[in-house]
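# Remarks on the overall topology
Chain residues, written in single-letter form:
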Amino acid sequence: MGKLPRAICVQLTPPAHTVRMLIIGHRGAPAHRPEHTASSYLRAIRDGADLLEPDIVPTRDGVLLVRHETRLDDSTDIASHSEFAWRRRPAGDRLEGWHSDDFDWHELQQLRAVERIPQLRPESDRFSGTEPLLRLRELITLVADSGCGLVIELKQDALMRASGFDFVALLERELVGLWDHPALNGVRFESFELPVLARMRQASWYARLRDAKLVALVECGGLVRPGEEGPQRCTDTGL
């Protein structure tokens, strides 16, 4: 056999500084269990995740709910709760539907998580309706001894602030008594909106977290919402 081409030989040379890739359980392990449930996160840990990525949105009474968005229609069984029928919002600044910030935490504890896209995730759909929703404090406690860290995404900050909710203040309240918790060691907070990250950096409580990091997310061009970071952030000027 002939010698390998020189270009391939160069590629096989290990880099001077090895970069360890991190495996992130995005919303847990949503192909196997409904996203953002306890079993979904525990499955991600079992499958070898280094970090878990919950999204958080507020409830009416200021609890930080672990859900991908405020709208609850597709990821919970709220439509089966006739007592909440009148709380469904018409279309406006949000999509039509039931939204987390119209409910207190004790009300949302009556709901159960369901698979959001059952046609694509039949394995997960088998567990629809079996688990309650989580708040952030509960998730931190759940992963206490797992060795997994957290990447916490703050959802739609500008819209939430306009509705009277400040993630910085809500996080301070949600994390009381947990500042030294092992799951928060090296915690990452991320958002598509930079103002909330800037406010967090200035918050008096932020320095109490060990080795915390702030991550700016950049959305694809056609999906950028008002106030979010788009492709221009990845240009020389934007960086």
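Residues numbered from 1 in each chain as written. Predicted model: local features only at pLDDT ≥ 70, side-chain atom pairs only at ≥ 80, totals over all residues. Heavy atoms only, no water.

### What to know about the pairing of strand 6 (residues 188–191)
Burial along strand 6 is two-sided: Arg188 and Glu190 facing one way and Phe189 and Ser191 facing the other are all buried. In this structure, strand 5 (residues 149–154) lies alongside strand 6, joined through 3 bridges in parallel fashion. What sits directly across from valine 151, in strand 6, is arginine 188. In this sheet, strand 7 (residues 213–216) lies alongside strand 6 in parallel orientation, the contact comprising 4 bridges. Its bridge partner being in strand 7, arginine 188 is matched across the sheet by lysine 213. In this region the chain leaves strand 6, passes through helix 8 (residues 194–202) and returns to the parallel neighbour strand 7; the handedness of that crossover is right-handed. (Buried < 20%, exposed > 50% of the residue type's maximum accessible area, 1.4 Å probe, protein only. Helix = DSSP H or I, 4+ residues; strand = E, 2+ residues; numbered from the N terminus. Pairing = 2+ DSSP bridges. Right-handed = clockwise from strand over helix to strand, strands pointing away.)

### Comments concerning the environment of phenylalanine 167
Relative to the helices and strands, phenylalanine 167 resides in helix 7 (residues 167–174). Separated by 10 residues in sequence, phenylalanine 167 and aspartate 157 place their C-alpha atoms 7.3 Å apart.

### What to know about the pattern of salt bridges
For the coordinates displayed, the defined rule picks out 26 salt bridges. The salt bridge partner of arginine 43 is glutamate 123, with a shortest N-O separation of 4.0 Å. Note that arginine 43 is positioned in helix 2 (residues 38–46) and glutamate 123 in helix 4 (residues 122–125), a separation of 80 residues in sequence. Exposure remark for glutamate 123: the relative accessible area of 30% places this residue in the partly exposed category. A network of salt bridges, in which partner residues are shared, links Arg27, Glu35, Asp55, Glu115, Arg116 and Arg121. (Salt bridge = Lys/Arg side-chain N within 4 Å of Asp/Glu carboxyl O.)

### Thoughts on the side chain of histidine 36
Structurally, the position occupied by histidine 36 is in the loop between strand 1 (24–26) and helix 2. What makes histidine 36 buried here is its relative accessible area of 1%. Within polar-contact distance, the side chain of histidine 36 engages the side chain of aspartate 55 at 3.0 Å. Beyond its immediate chain neighbours, meaning those up to four positions away, histidine 36 contacts Arg27, Tyr41, Glu53, Pro54, Asp55, Val66, Arg67, His68 and Leu134. (Polar contact = N/O pair within 3.5 Å; in protein donor to acceptor, adjacent residues only side chain to side chain. Contact = heavy atoms within 4.5 Å.)

### Details of the nonpolar core
Within soluble globular proteins, side chains that are nonpolar tend to cluster in buried spots. The biggest cluster of nonpolar side chains holds 40 residues, and the ones touching the most others in it are Leu150, Leu171 and Trp205. Of all the secondary structure elements, the ones that give two or more residues to this core are helix 2, strand 4 (64–66), helix 5 (136–142), strand 5, helix 6 (157–162), helix 7 and helix 8. Among the elements that take part in this core, helix 7 stands out by supplying 4 residues, more than any other. If near-sequence neighbours (up to four positions away) are discounted, leucine 150 is found in contact with Leu51, Leu52, Pro54, Leu139, Ile140, Val143, Ala183, Leu184, Val187 and Arg188. (Core = buried A, V, L, I, M, F, W, Y, C linked by side-chain atoms within 4.5 Å.)

### As for helix 7
When we look at burial in helix 7, the residues that qualify are Phe167, Val168, Leu170, Leu171 and Glu174. Projection of helix 7 onto a plane perpendicular to its axis shows the buried side chains occupying an angular sector of 165 degrees, all on one side. Its side-chain oxygen placed 3.0 Å from the backbone nitrogen of valine 168, aspartate 166 serves as the N-cap of helix 7. (Arc of directions from axis to C-beta.)

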